[in-house]
Amino acid sequence: MDRSENLLALLDSDTAALIHNSSNIFYLSGYTGEGLLLVAAGIRAVITDFRYVEAAEKQCPEFKIHAIRPGVGHVKVAMELLEQAGIKKLAIEDNIITVRAMKDMERDMPGVEFVPLDFKPEQLRRVKDAEELRCIERACEMTCEAFEYICTYIRPGMTERQIQLELDHKMLSLGSEKLAFNTIVASGENGSLPHAVPGDRVVQAGDMVTMDFGARYHGYDADMTRTVAVGQPGEEMRRIYEIVLKAQEVSQAAIKPGMTGCELDKIARDIIAEAGYGECFGHSLGHGVGIDIHEEPRVSSRSNDVLEPGHIITIEPGIYVPGLGGVRIENTCVVTEDGGRPLCSASKELRVL
Ligand code: ZN
Ligand code: ZN
């Protein structure tokens, strides 16, 4: 399948697209090095420097590799290709082009009309094909395996940082090419910080520990959160756990093509609000996952994105109580023809380690 063709089908036929965003470049071509991508009718070009030429030729045989030369940088090479093809309209990623890059393009591409690409590659990336799904499934498997391992490792007296390093090491040794994002390990009262940075806090008996982490396989991310108890937790934390678990399970079971992100978000939000913790769930229910850890579609109270088969989304409700702690439970899920399917198999029942 030619993903560039799908992108061009969304543009006027006389328009080329110049891609700067590395995730979009990878999606469209398979190329992972530095440089730019230029696609148009009859043009499939990677514009890079000599360090990457050989790798680019291997990674994307359907593309012609153009190296920059002294005095002829990326934009000038793109201009040469446009001139050869007689193309005068160029779609650019208006969301990421810097003021400096825009000035360079206006200087080096005289006579070219710039139009916004308007997130079209990101829209294409929402629906994953079978190969992309397979990569995310594999990343989720490694993530779950690392979780099973870390449950046997955690003991009172360890620091959050120690647990994080062990978890990261396990994912990498299982074959994760890198970490999908910086692992979060938050224990005890630190659990009330949804994006806590693992630190020197020592895990004590009775703490709950929230771990949010993900492996990466062939360019695709997994995203999973589990909260475990180290020794018996207090009554309120136990109650909070049950509420979050219910919100996670009910909203995950409700995934269906045709529903909007905000409809799905509301299902979990209502459960948490009815239990009296509405103020303690301050983030969105989920997000798309793929080449980027956060991508489209959005699953939030403001999202009108409509779920479609092939979307990969997270379902991650949480309750955060300052001074007490927090619980978050998250699965990466695929939207199917008639519902949804979680890709993280690790059980969600409260584990008391
Ligand atoms: Zn996460
Ligand atoms: Zn997430």
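For the structure, check the block above.
Basis of the calculations
Residues numbered from 1 in each chain as written. Chains lettered and ligands numbered in written order. Predicted model: local features only at pLDDT ≥ 70, side-chain atom pairs only at ≥ 80, totals over all residues. Heavy atoms only, no water. Helix = DSSP H or I, 4+ residues; strand = E, 2+ residues; numbered from the N terminus. Expected span 1.5 Å × (residues − 1). Buried < 20%, exposed > 50% of the residue type's maximum accessible area, 1.4 Å probe, protein only. Axes fitted to C-alpha atoms, helices over the stretch in contact; angles between N-to-C directions. Parallel < 35°, antiparallel > 145°, perpendicular 65-115°, else oblique. Left-handed = near helix turned anticlockwise from the far one by under 90°. Contact = heavy atoms within 4.5 Å. Nonpolar A, V, L, I, M, F, W, Y, C, P; charged D, E, K, R; others polar. Pairing = 2+ DSSP bridges.

Undergrad: For helix α9 (residues 235-254), give the residues involved together with the corresponding values.
TA: Taking 1.5 Å per residue, 20 residues should reach 28 Å; α9 reaches 29 Å between its end C-alpha atoms and fits that length. Looking only at α9, the buried set comprises Met237, Ile240, Tyr241, Ile243, Val244, Leu245, Ala247, Gln248, Ser251 and Gln252.

Undergrad: Outline the packing of α9 against helix α10 (residues 261-274), listing residues and values.
TA: Packing of α9 against α10 leaves a shortest axis separation of 9 Å and a crossing angle of 155 degrees. The angle between α9 and α10 places the two elements in the roughly antiparallel class. Where α9 crosses over α10, the two elements pack in a sense that is right-handed. Listed contacts from α10 to Ile243, Lys246, Ala247, Val250, Ser251 and Ala254 of α9 are Leu264, Ile267, Ala268, Ile271 and Ile272. Along the lines of polarity and charge, the residues of the contact of α9 with α10 split into nine nonpolar, one polar and one charged.

Undergrad: Break down helix α4 (residues 74-85) for me, with residues and values.
TA: Its twelve residues place the ends of α4 17 Å apart at the C-alpha level, agreeing with the 16 Å of an ideal helix rising 1.5 Å per residue. Here the buried face of α4 lies against β1 (15-19), β2 (36-40), β3 (43-48), β4 (64-67), β5 (89-92) and α5 (99-108). Gly86 lies just past α4 and shows a positive phi near 70 degrees.

Undergrad: Just give me the short version of the pairing of strand β7 (residues 184-187), but keep the residues and values in it.
TA: By the alternation rule, side chains of β7 split into Ile184 and Ala186 and Val185 and Ser187, which are all buried. Relative to strand β8 (residues 207-213), β7 is paired through four bridges, and the arrangement is antiparallel. Paired with Ser187 across the bridge in β8 is Val209.

Undergrad: Which residues make up the pairing of β2, and what are the values?
TA: Summarising burial for β2: five of the five residues are buried, a large majority. Here β2 shows two buried faces, one formed by Leu36, Leu38 and Ala40 and the other by Leu37 and Val39. The sheet contact formed by β1 and β2 spans three bridges and is antiparallel. The residue bridging Ala17 from the neighbouring strand is Val39, located in β2. With antiparallel pairing between neighbouring strands as the criterion, β2 and β3 make up a hairpin whose turn holds two residues, including Gly42 at a positive phi of roughly 85 degrees.

Honestly, it's all geometry; don't read function into it.
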